[in-house]
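Structural overview for review
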Amino acid sequence: MERLTDKGTDPGYQPGKVPKGRKNPETRGVDSDLDDIARRVGGLLRTRTSAARAGHIDLAAYDRSVRRHTPGGADPADHPAPDGRHRGPPGERTRARRSQGRARAVSRTLDAWAKARKVAAARAAAMRQILDDGYIWAFRSGST
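Report on the accompanying structure. (Residues numbered from 1 in each chain as written. Predicted model: local features only at pLDDT ≥ 70, side-chain atom pairs only at ≥ 80, totals over all residues. Heavy atoms only, no water.)

What follows is about the overall build of the protein. Of the regular secondary structure elements, the protein holds four helices and zero strands. For the protein, the N- to C-terminal ordering of α and β elements is α-α-α-α. Within the span of the protein, comprising 144 residues, buried residues form 31% of the whole. Long-range contacts, defined as pairs at least 24 residues apart, comprise 58% of the intrachain contacts of the protein with a sequence gap of at least 6. A total accessible area of about 9,300 Å² is found for the protein, and carbon and sulfur atoms account for 52% of it. (Helix = DSSP H or I, 4+ residues; strand = E, 2+ residues; numbered from the N terminus. Buried < 20%, exposed > 50% of the residue type's maximum accessible area, 1.4 Å probe, protein only. Contact = heavy atoms within 4.5 Å. Areas by Shrake-Rupley, 256 points an atom, 1.4 Å probe, with all protein chains shown as cover.)

Shown next, in the form of structure tokens:
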């Protein structure tokens, strides 16, 4: 993300012929990259969930290993449990837990970057939505 401008665009963008129907082609490459990243994360987490459901991995041991090898990264335990049960306190809604985990795992870097660079709120929100959409699509469908 450090290569992007403070507007969340690619500094190397060279305007050319604008495809019909495109409102802001200068963000197209960046938006595509964000979508790709989110789909890869969603796909990896879907694989993690599927492997745990099938009994191929010990989820707690896997999550400890991820935390040990990725200091400062997202906590895999923030993602939905493969059995559909949430890990939060009794009474906490599973859907809210999933959303919180997704937000922490996928949006934390974007939010910090946008704040540090003073990116316009509308552009940061659009970028965050691209990340969330890509993550959800891949997590549900299993493809990147």
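So, about the nonpolar core. By size, the foremost hydrophobic cluster in this structure holds 16 residues, and its most contacted members are Leu34, Trp113, Met127 and Tyr135. Secondary structure elements with two or more residues in this core: α1 (28–53), α3 (94–117) and α4 (121–141). Ranked by residue count, the leading element in this core is α4, at seven residues. Those residues in contact with Trp113 that lie beyond four places of it in its chain are Met1, Glu2, Leu4, Thr5, Gly8, Val119 and Met127. (Core = buried A, V, L, I, M, F, W, Y, C linked by side-chain atoms within 4.5 Å.)

Bringing the pattern of salt bridges into the picture now. Any two side chains of opposite charge can pair, so long as their charged atoms come close to each other. Scanning the entire structure with this criterion turns up six salt bridges. With a shortest N-O distance of 3.0 Å, Arg40 and Asp36 are connected by a salt bridge. Highlighted residues: Arg40 and Asp36, both in helix α1, separated by four residues, approximately one helical turn. In this structure Asp36 comes out as partly exposed when scored by relative accessible area, which is 32%. (Salt bridge = Lys/Arg side-chain N within 4 Å of Asp/Glu carboxyl O.)

Moving on: the packing of α1 against α4. Axis separation between α1 and α4 bottoms out at 7 Å; the angle between their running directions is 35°. In this structure, α1 crosses over α4, and the sense of that crossing is right-handed. Every residue of α4 that contacts α1 at Val30, Asp31, Leu34, Asp35, Ala38, Arg39, Val41, Gly42, Gly43, Leu45, Arg46 and Thr49 is listed here: Arg123, Met127, Ile130, Leu131, Gly134, Tyr135, Trp137, Ala138, Phe139, Arg140 and Ser141. Split by residue class, the contact of α1 with α4 holds twelve nonpolar, five polar and six charged. (Axes fitted to C-alpha atoms, helices over the stretch in contact; angles between N-to-C directions. Left-handed = near helix turned anticlockwise from the far one by under 90°. Nonpolar A, V, L, I, M, F, W, Y, C, P; charged D, E, K, R; others polar.)

The next point concerns α1. With 26 residues, α1 extends 37 Å from end C-alpha to end C-alpha; this agrees with the ideal 38 Å at 1.5 Å per step. Here α1 has its buried residues at Val30, Asp31, Leu34, Ala38, Gly42, Gly43, Leu45, Arg48, Thr49, Ala51 and Ala52. Of the surrounding elements, those touching the buried residues of α1 are α2 (59–69) and α4. Just beyond α1, the residue with positive phi is Gly55, at close to 80°. (Expected span 1.5 Å × (residues − 1).)

Non-glycine residue Lys118 carries a positive phi angle of around 55°. Note that Lys118 resides in the loop between α3 and α4. Residue Lys118 is classed as exposed on the basis of its relative accessible area of 72%.

Taken by themselves, the reported measurements are silent on function.
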